[in-house]
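# Examination of the molecular architecture
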Amino acid sequence: MDATTVTHEIQPVFDSRSHVLLLGTMPSPASREQGFYYGHPQNRFWRVLAAIFDEPAPRTIEEKRDMLLRHHVALWDALASCEIEGASDASIRDAQPNDLARIFDAADIRAVFATGTKAGELYRKLIEPPLGVPCTTLPSTSPANAKMKLADLVDAYGKALLPLLGKTEKHVLTVADVVKLEKEIADGGTSLSTLMERAGRALAKVAFDETQAAASQHGLSNAMQRQADAISRTPHDNQNGSTDRTSSNSHTAEASDPSDENQAAPHIAILCGSGNNGGDGWVAARELACAGCAVDLVTKRPAREISAEPAHEQALLTEAIASETTDAAHAGLHQTASPFQTAALVPTAPQTTAAQHAEPGAIAIHVSPSDDELAYLLAAADVIVDAILGTGFSGDSVLAPYDAWIRLANEQRSRGARIVAADVPSGLSAQTGKAAEPCLKAHETVTMIASKPGLETPYAFAFCGTVHVAPLAYIEPILESWKQKETIDNASAGNDGLIGISAATDASAALEAAGAGKPPSPKHDAFRRAETEDDDGYDPYSDRPPTPEPLFQADPWN
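Okay, so let's go over this structure. (Residues numbered from 1 in each chain as written. Predicted model: local features only at pLDDT ≥ 70, side-chain atom pairs only at ≥ 80, totals over all residues. Heavy atoms only, no water.)

### A short note on helix H10 (residues 276-290)
With 15 residues, H10 extends 22 Å between its outermost C-alpha atoms, agreeing within 8% with the 21 Å of an ideal straight helix rising 1.5 Å per residue. With 14 of 15 residues buried, H10 lies mostly within the body of the structure. Trailing H10 by a residue or two, Gly 292 shows a phi angle of about 95°, which is positive. (Helix = DSSP H or I, 4+ residues; strand = E, 2+ residues; numbered from the N terminus. Expected span 1.5 Å × (residues − 1). Buried < 20%, exposed > 50% of the residue type's maximum accessible area, 1.4 Å probe, protein only.)

This is the structure:
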């Protein structure tokens, strides 16, 4: 291959918050064609960063840039131009360095890392002498570096980067501020539909991780026992012969013997409400099916009858994927990569009207199942995803049919199924932390963009389990603009620069403001807990009248 002169035309990624600089050599032909770094589909760079940050691998340039900035990582290349043969670093000649001063002048860069041996050599020869900043060489993520497995790369990059980056700042925002933030993100060019896709992928990742953790910890015993329960609880049709419930799945599979090889595939049930919280569940369904999971999606309404946007759009897309004929599979449409790396269609067979379990890699959609049918579906689930009620919920009780869905999910929790909640466990107020009756008890909660005051109360753990924040977008610049505007407004109003909570990043400030002047309901106290009173800081000798404590069906710490 003849050498060609290549000029670097991709802009560096950094801002004033960047702390670590990663440098390659020169964008490969695939990267130059894509217009962004590490664009070769077999390059593991983005998968490595996603793994060390515990996030789904970014798919778009915007997502890749957002992930770097959120974690304070700057990215560029050592060279401004060179002669090179294809993507061969060994062939580089007449190398001219990039001027890194523009990054060091703007950001507090604490360390420089080269993403490969050649990048390190070029940095030390051309850049380090005038800049005076040393460089550490990390292993290349290129597919040419076949001796380094993905796990080895994750270990090397994690040990190098994480101590310097520290923990990402945790933001706690009121529900109203999250809505305001979403609108500003959308105004900036990232649509609400795109945010929902990212939320669904984050939800799917945690659910999938739960299946892997459960499999490694318990083997197949729990799944086999629940499958046996499912076989013994085959649902019956309604007495009136109603067929208002539908199911679509790839091979109209019925519950099979636990020894069947298909039992190795994780079985996931997703409970979807009719709002945008449910939309996250519809997205997660297709992601999990792409991962090879058997996915039973339960919904009160078919996709066409969902009015909330963008949930309606996402539900229609998932329904279309789920109803693809098996001809697509015979034509060679297969998914081989992780769903958190690339998207694909999941072919299924025509719809049926029986409550049948999905098969591996397929989505079965169940509309308004009876309680018996739902119990049958949930009994075989390794993981149940709660996408019923979102952050807009408040009240003392949950209406039908969702109250029955929550009770049945909690029942399966006591039998060993893991539960993952989208944004907030259904029945829990994201603003106050007050639990309705019934309230879902999750092992993991994936809350979107930022945490909420109700999830930060000391007793919320009983219902939320471990809370994961799915960032979805780079929000720090927006929050800082809010703070600056509020500082100016308060100073103008003579309030001594007092900052309100509209841009609160502190959990205690948000909680104090959320609960100010709002006495607890006598029917459902905000201090409703499952564990003993001294676990959450409540003084048992105070004059507050005692309130009943709900009983857990399983220890949330297990």
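Here the narrative resumes.
### Thoughts on the sheet that holds strand S1 (residues 4-7)
Spatial ordering of the open sheet is given by S1-S4-S5, a layout of three strands whose pairing is antiparallel. Lying at the two open borders of the sheet, with one neighbouring strand each, are S1 and strand S5 (88-97). Adjacent strand axes in the sheet meet at a mean angle of 30°, parallel and antiparallel pairs treated alike. Note: strand S4 (residues 79-85) against S5, four bridges, orientation antiparallel. Counted as the bridge partner of Leu 79 is Pro 97 from S5. Along the sheet face, helix H5 (residues 117-131) touches S4 and S5 and points at about 20° away from the line of S5. (Pairing = 2+ DSSP bridges. Axes fitted to C-alpha atoms, helices over the stretch in contact; angles between N-to-C directions. Contact = heavy atoms within 4.5 Å.)

### Here we look at unusual backbone geometry
Going from Glu 309 to Pro 310, the amide bond is cis rather than trans, its omega being 10°. The backbone of His 72 shows a phi angle near 65°, a positive value even though the residue is not glycine. Along the chain, His 72 falls in the loop between helix H3 (61-70) and strand S3 (73-77). Assessed through its relative accessible area of 16%, His 72 is described here as buried. Even without being a glycine, Ser 368 presents a positive backbone phi close to 45°. Mapped onto the elements of the fold, Ser 368 is located in the loop between strand S10 (363-367) and helix H13 (371-379).

### Description of the environment of Glu 476
Note that Glu 476 resides in helix H16 (residues 476-492). Between the C-alpha atom of Glu 476 and that of Leu 69, which follows or precedes it by 407 residues, the distance is 9.3 Å. In contact with Glu 476, not counting residues within four places along its chain, are Arg 17 and His 171. For Glu 476, the side chain forms a polar contact with the side chain of His 171, separated by 3.2 Å. (Polar contact = N/O pair within 3.5 Å; in protein donor to acceptor, adjacent residues only side chain to side chain.)

### So, the packing of aromatic side chains
A full pass over the atoms with the stated rule returns five aromatic pairs. On the basis of an interplanar angle of 10° and a centroid distance of 4.0 Å, the ring pair of Tyr 38 and Phe 45 is categorised as stacked. Take Tyr 38: its relative accessible area is 14%, and that puts it in the buried class. Look at Phe 45 and you get buried, because its relative accessible area is 1%. Where Phe 45 meets Trp 46, the ring centres are 4.9 Å apart and the plane angle is 85°; that geometry is what we call edge-to-face. Comparing Phe 45 with Trp 46, the two get one shared label, buried. The ring of Trp 76 carries Arg 102 above its face, with NZ or CZ at 5.4 Å from the centroid. In this structure, Lys 180 is placed above the aromatic ring of Trp 482, and the distance from its NZ or CZ to the ring centre is 4.3 Å. (Phe/Tyr/Trp six-rings, centres within 6.5 Å; stacked < 30°, edge-to-face > 60°. Lys NZ or Arg CZ within 6 Å of the ring centre and 35° of its normal.)

### As for the layout of surface pockets
Space inside the largest pocket adds up to approximately 1200 Å³. For the lining of the largest pocket, the secondary structure elements donating two or more residues are helix H2 (45-53), H3, helix H6 (150-165), helix H8 (192-218), strand S13 (444-448), helix H15 (461-464) and strand S14 (466-470). The biggest single contributor to the lining of the largest pocket is H8, with seven residues. Residue composition of the lining of the largest pocket, by class: 22 nonpolar, nine polar and 16 charged. Space inside the second largest pocket adds up to approximately 630 Å³. In this structure, the second largest pocket is lined by 27 residues; those nearest its centre are Asn 43, Ala 87, Asp 89, Ser 140 and Ser 142. With three residues, H5 is the largest single contributor of residues to the lining of the second largest pocket. (1 Å grid on protein atoms, 1.4 Å probe; cavity = no way out; pocket = protein on both sides within 12 Å on 5 of 7 lines; lining within 4 Å. Points joined across faces, edges and corners; volume = space filled by probe spheres on them. Nonpolar A, V, L, I, M, F, W, Y, C, P; charged D, E, K, R; others polar.)

### Let's talk about H16
The terminal C-alpha atoms of H16, which comprises 17 residues, lie 24 Å apart, in line with the 24 Å expected from a rise of 1.5 Å per residue. Of all the positions in H16, only Glu 476, Ile 478, Leu 479, Trp 482, Glu 486 and Asn 490 are classed as buried. Taken down its axis, H16 places every buried residue within 160° of arc, on the same side. Across H16 from its buried face, at more than 90 degrees, point the exposed residues Gln 484, Lys 485, Ile 488, Ala 491 and Ser 492. Against helix H7 (175-187) lie the buried residues of H16. (Arc of directions from axis to C-beta.)

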